[in-house]
Each structure stands twice: as structure tokens, then as C-alpha cells.
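Notes for the structure review
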Amino acid sequence: MKRKLFSLGFVAVMAVSLTACGSKNNANVEKAASVPTIDKINGEDYKDLKADIKILTNRTDIVNTVYKGYAEQFMKEYPNITVTYEGITDYAESVTLRLTNGDWGDICFMPDTLEKSEMSDYFVPMGDYDTLNGIYNFVTEKMYDNTVYAMPNGGTAGGIAYNKRIWKEAGALKEDEEGNTILPKTPDEFLEALKLIDEKTDAIPLYTNFAAGWPMGAWNDYVGIASNADPDYKNNKLLHQQNPFTKNDEMSGPYAVFYILYEAVANKLVEEDPLSSDWESSKTKINNGEIATMVFGSWCVEQFRGAGSHPDDIGYMPFPITVDGKQAAASGGNYAYAINNKASEENQIASMLYVKWLVEESPIFADEGSIPAKKGEPLPDALAELAGIELLSDNAPAEGEDGLYDKIRNKAEVLSGDYPPSEVLEAALYGNKSLDELMGEWNQKWSDAQSSEGVEITQ
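Residues numbered from 1 in each chain as written. Predicted model: local features only at pLDDT ≥ 70, side-chain atom pairs only at ≥ 80, totals over all residues. Heavy atoms only, no water.

**Things to note about the overall build of the protein**
On a plain count of helices and strands, the protein comes out with 18 helices and 16 strands. Taken across its 459 residues, the protein has 56% of its residues classed as buried. Surface accessibility of the protein: about 19200 Å² in total, with carbon and sulfur atoms responsible for 45%. Each charge sign in the protein was given a centre, from 39 positive and 74 negative side chains, and these centres are 3 Å apart. (Helix = DSSP H or I, 4+ residues; strand = E, 2+ residues; numbered from the N terminus. Buried < 20%, exposed > 50% of the residue type's maximum accessible area, 1.4 Å probe, protein only. Areas by Shrake-Rupley, 256 points an atom, 1.4 Å probe, with all protein chains shown as cover. Lys, Arg positive; Asp, Glu negative; His and termini not counted. Charge placed at Lys NZ, Arg CZ, Asp CG, Glu CD.)

Written out as C-alpha cells, the structure is:
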């Protein structure tokens, strides 16, 4: 049941490939330098530009409908540019492999398997960080050495999708004296709610979507702000913390995140056979009440609402961890658009025009219920239930530590990809390891990775 992780072995393969074509890369850098950055490109200057560009996307469900519609709208403004999409099911693995030969297309959602230091090997600079950070949200995530290499497709907040009708029927939602709904604020309160759902309804309390692989990786996203209410934790404190996966008295931090998953599986509050779970059908099932709860970023809300005839039943709650009396939700970028630095100059310019149009003019953020890429735009309705919860974004790494988080997590094979959370599920499902044993192993791996990178322990 173990899944492949893109770690040192794969990075080494890519490094060999890059070494073999170093002179070509130099030429690509020079070519990319002649392409206007996203803040400077002017569409009026390129109305006669001729190009055929291809975009790779993980959204196989809407690639031939919604995304095709965006392409058609853009091509009305730029009739000499042809835009086509290619949907990829096993996205991260397939795209990471295809990047090495350079002949994959023109725009892709940058796979999270790349370390930040590798971005310039494959992609065109979007602009300098200081400039773009004043215009767009979430550009810190795809920035290296003050250069941004990908533009986020808007952003999401980190919480949990749930079927409000099922939760109410089970008595899992409490009310205060004024009749306001009280949602779970701690891991144990959340688990008690799942138990009520299991006892009083026919719904699956928590659906893991284990078989699809990538949904398990969503649990890693809650280790930062959601578990600590600290925007400095993920990119700074965690890197210098000794044994970060150890349980604490407040039941916060990384341990608390995976405690929820482990206990839900161990107490049979998830689907009966995680190996046979199905992502596409799960959308319909949470819409009609067969599933009560799923852990995903807020991007999922519009998909779940649109998957059946009960859109108003879909709600979105904060992740159930409280630190010093407050809850926080991480707001971060979705997959980010990156442009192939090995494409022709015409295609790179056309791609920059299309990315700019997507993030500034298209209806994509309203359609997907995501936080707009451009600063100052209104938040989506999907985040209404997060009112009063502090929405925070991760702070940038300290000077000289850009990319260090990726290096440590990839070397440790922890918080990277879908397997580490899947390991928690497997341990709970088969009872072959306690959570404390598993977290002890993760602490050792993290410590070894810190040591190999010469990281000073200060926490």
C-alpha cells in the first residue's frame, strides 16, 4: 500500500538530466529574459501575435467544459492565439516526469514536488517578488531569490467541508444561548461529533479518499497555521524545532493534526474500505448526505455544491484546533500557473498573456469559490462560516533559508506528498503502530534531515 514519494532519488534523476543540457538552459534563461513579466506585459502590444499554446491541468472534470470556455473567451480577444487544455489524472507524478524533457506544453500548474531552487530550471520568471507581492496574493509560495516563478490560481482557506443537514440530524452541532451554531474547536470535540454521526445517521462520518492518493496530502496543509495560529511556524520555527511531532498538553501542533486522522480511522469513523474509496463519486455523496465530512481546502466547496441537488447543505468549518483560545485558518495559493522556459518566445509571450487574463479578467475565482489572485478583490461566499476566524498566510522564510522547508521535508520524507498521512491511516487501520510510535519515527527523520542541512535547533 505504500505510495511513491518524490524525494532525493527523483531529484537526482532530474539533476542528471539538467547537467546534460546545461548549455541549452543558458539559452533558455536568455530567451526568458526577453519575455515581459506579468506586471509589465501589455495585451494591446500583442494583438497580432500568432501562437498555439497548451495548458496542462489536473481538473479533468471541467477541462472540456469550464476551462474550454475560458480559452474561447480569451481567443475572442486574441484571435491569432490558439489555447488548448490537456487534463491529467495522476497530475503531480506525470507532470514532474514530463518536465525533464522540456517538450510538455506551455503552461502547467507547477507540481509541488519541485524544490524552490529548481524552479528556474524549468520556468519563466513572472516578475520580481517585491513588485508582484504588492499586486497579487500568495506569490511568496512560488518565490525564490526574490523572483516569482508561478502565479497562483487564486487561493483557499484551510478548513473542513461538511454536510450541515447530517451534522444537525446527528446533534453534532451545538448552539449558544443566542442560537448561534457552535462548531468543534478541539480534536476531541470533533471526534465526538463524528461518533454522534456514526451512531445517529447512515452517513460516513469522515471520508478519507485514501484510494485517490493526493487527498491524503491535504492533511499536511494543516500542520502550519491551523495547528499553531502562527504564520511564522511553517517556514521558520518548524525548521529549527526539536522533535516537532511530539504531543503537547494543549493538543495543538502537528501531533494534533494527525491525532484526528489516526483516531477517526482507529474508531472506524471513516469509509469501511479506504482502498475502494472514489474521489469523483464522493462529491455527490457529500452533497446528498451519504458522507458527512471531508478534509480539504475551501476550493472543494463549489465542487461539492455543484455535484448534486443540495448545494445549500454544504458548509465549511475551521479546522478543530484552538491555540491560546483562538482558531486560525491558513489562506494560501492554489496550484500556480508556470510557463515553460523551453517553449518558443512567441509561446512564452502568449502564455504570459493568458495567465494574466486568467488571474485578472476571467470569472475563474467566482466559479471556483476561491480567494482572488489579485489583491483587493472580495472574498467568496464559501468562506462565510469562517467569519471571526483569523485568516493568515505563511510568512516568508528567513534570509538565507529560502527553500529550506522543501529540502528538509523531502529528505525526511515527512509532510511531503500523500504518503506520510497515508502512513498514519495504515497504522490506525491495521493497528501495527501507535500514533506515538509513528510520530517518534517522524521526529527522528526530521532531526536527521535538519542535521544534514546544518540547521541550528533553537526551539
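Moving on from the coordinates now.
**Description of the sheet that holds strand β4 (residues 127-128)**
Strand order in the open sheet formed by three strands is β4-β6-β5, with antiparallel pairing between adjacent strands. Both edges of this open sheet fall to β4 and β5 (143-144), since each of them pairs with a single strand only. In terms of strand pairing, β5 meets strand β6 (residues 147-148) through two bridges, oriented antiparallel. Bridged to Y144 within β6 is T147. (Pairing = 2+ DSSP bridges.)

**Considerations on the side chain of T156**
The topology assignment puts T156 in strand β8 (residues 155-157). Taking the relative accessible area as the measure of exposure, T156 reaches 11% and is therefore buried. Sequence-distant contacts of T156, that is, excluding residues within four places in its chain, are made with G297, S298, W299, A330, S331, G332, N334 and I371. (Contact = heavy atoms within 4.5 Å.)

**Focus: the packing of aromatic side chains**
Summed over the entire model, instances satisfying the criterion amount to 28 aromatic pairs. With a centroid separation of 5.8 Å and an interplanar angle of 45°, the aromatic rings of W214 and F296 are classed as tilted. Note that W214 is positioned in the loop between α8 (187-200) and α9 (225-228) and F296 in the loop between β12 (293-294) and α13 (300-305), a separation of 82 residues in sequence. The partly exposed category is assigned to W214, whose relative accessible area is 41%. The class of F296 is buried, set by a relative accessible area of 2%. Geometrically, the ring pair formed by Y255 and Y259 is stacked, given 6.5 Å between the ring centres and 20° between the ring planes. Of this pair, Y255 and Y259 are both found in helix α11 (residues 253-266), four residues apart, which corresponds to roughly one turn of the helix. Each member of the pair, Y255 as well as Y259, carries the same accessibility label: buried. One aromatic cluster in this structure is built from Y67, Y70, F74, Y78, Y85, Y354 and W357. The positively charged end of K47 is found above the aromatic ring belonging to Y78, 4.2 Å away from the centroid. (Phe/Tyr/Trp six-rings, centres within 6.5 Å; stacked < 30°, edge-to-face > 60°. Lys NZ or Arg CZ within 6 Å of the ring centre and 35° of its normal.)

**Quick notes on the side chain of Q241**
With respect to the helices and strands, Q241 occurs in the loop between α10 (233-237) and α11. Looking at Q241, its side chain comes within polar contact range of the side chain of Y233, at 2.7 Å. Among residues more than four places away in sequence, those in contact with Q241 are Y233, W446, Q450, I457 and Q459. (Polar contact = N/O pair within 3.5 Å; in protein donor to acceptor, adjacent residues only side chain to side chain.)

**As for the nonpolar core**
W167, W219, F258, F319 and W446 are the most contacted members of the largest nonpolar core, which has 87 residues in total. Broken down by element, this core gets its largest block of residues, ten residues, from α11. Leave out the neighbours within four places in its chain, and F258 touches W219, N220, V223, L415, P421, V424, L435, M439 and W442. (Core = buried A, V, L, I, M, F, W, Y, C linked by side-chain atoms within 4.5 Å.)

**As for the sheet that holds strand β3 (residues 107-109)**
In sheet architecture, strand pairing relies on hydrogen bonds along the backbone and comes in two forms, parallel and antiparallel. The mixed open sheet is built from five strands, whose spatial order is β2-β1-β3-β15-β7. Taken across any chain shown, the strands that pair with only one partner, and hence form the sheet edges, are β2 (81-87) and β7 (151-152). Bridge count between β7 and strand β15 (residues 336-339): two bridges; the pairing is antiparallel. Bridging from a neighbouring strand, M151 pairs with Y337 of β15. Its contacts with the sheet place helix α3 (residues 66-77) against β1 (51-57), β2 and β3, and it is angled at close to 170° to β2. Along the sheet face, helix α14 (residues 345-360) touches β1, β2, β3, β7 and β15 and points at about 55° away from the line of β1. (Axes fitted to C-alpha atoms, helices over the stretch in contact; angles between N-to-C directions.)

**What to know about the packing of helix α16 (residues 404-412) against helix α18 (residues 435-452)**
Closest axis-to-axis distance for the α16/α18 pair is 8 Å, and the angle between their directions is 130°. Between α16 and α18, the crossing angle belongs to the class labelled oblique. Handedness of the α16/α18 crossing: right-handed. Each of Y405, I408, R409, K411 and A412 in α16 lies in contact with α18, whose residues at this interface are K445, W446, A449, Q450 and S452. Tallied by class, the residues present in the contact of α16 with α18 amount to five nonpolar, two polar and three charged. (Parallel < 35°, antiparallel > 145°, perpendicular 65-115°, else oblique. Left-handed = near helix turned anticlockwise from the far one by under 90°. Nonpolar A, V, L, I, M, F, W, Y, C, P; charged D, E, K, R; others polar.)

**Examining empty space enclosed by the protein**
Tallied over the entire structure, the rule returns three cavities of 30 Å³ or more. Computed from the structure, the largest cavity encloses a volume of approximately 50 Å³. Looking at the largest cavity, the residues that line it are L206, Y207, T208, P215, W219, V295 and F296. The residue inventory of the lining of the largest cavity, partitioned by class, reads six nonpolar, one polar and no charged. (1 Å grid on protein atoms, 1.4 Å probe; cavity = no way out; pocket = protein on both sides within 12 Å on 5 of 7 lines; lining within 4 Å. Points joined across faces, edges and corners; volume = space filled by probe spheres on them.)

**Let's talk about the pairing of β15**
Residues A336 and A338 of β15 are buried on one face, and the alternating residues Y337 and I339, pointing to the opposite face, are buried as well. Bridge count for β3 against β15 is three bridges, and the pairing is antiparallel. Its bridge partner being in β15, F109 is matched across the sheet by Y337.

**Describing α8**
Over its 14 residues, α8 runs 20 Å from end to end, which matches the ideal 20 Å to within 8%, given 1.5 Å per residue. Within α8, the full set of buried residues consists of P187, F190, L191, A193, L194 and I197. Projection of α8 onto a plane perpendicular to its axis shows the buried side chains occupying an angular sector of 155°, all on one side. Turned more than 90 degrees away from the buried face of α8 sit E199 and K200, all of them exposed. For α8, the secondary structure elements touched by its buried residues are β9 (159-163), α7 (164-169), α11, β12 and β13 (314-318). (Expected span 1.5 Å × (residues − 1). Arc of directions from axis to C-beta.)

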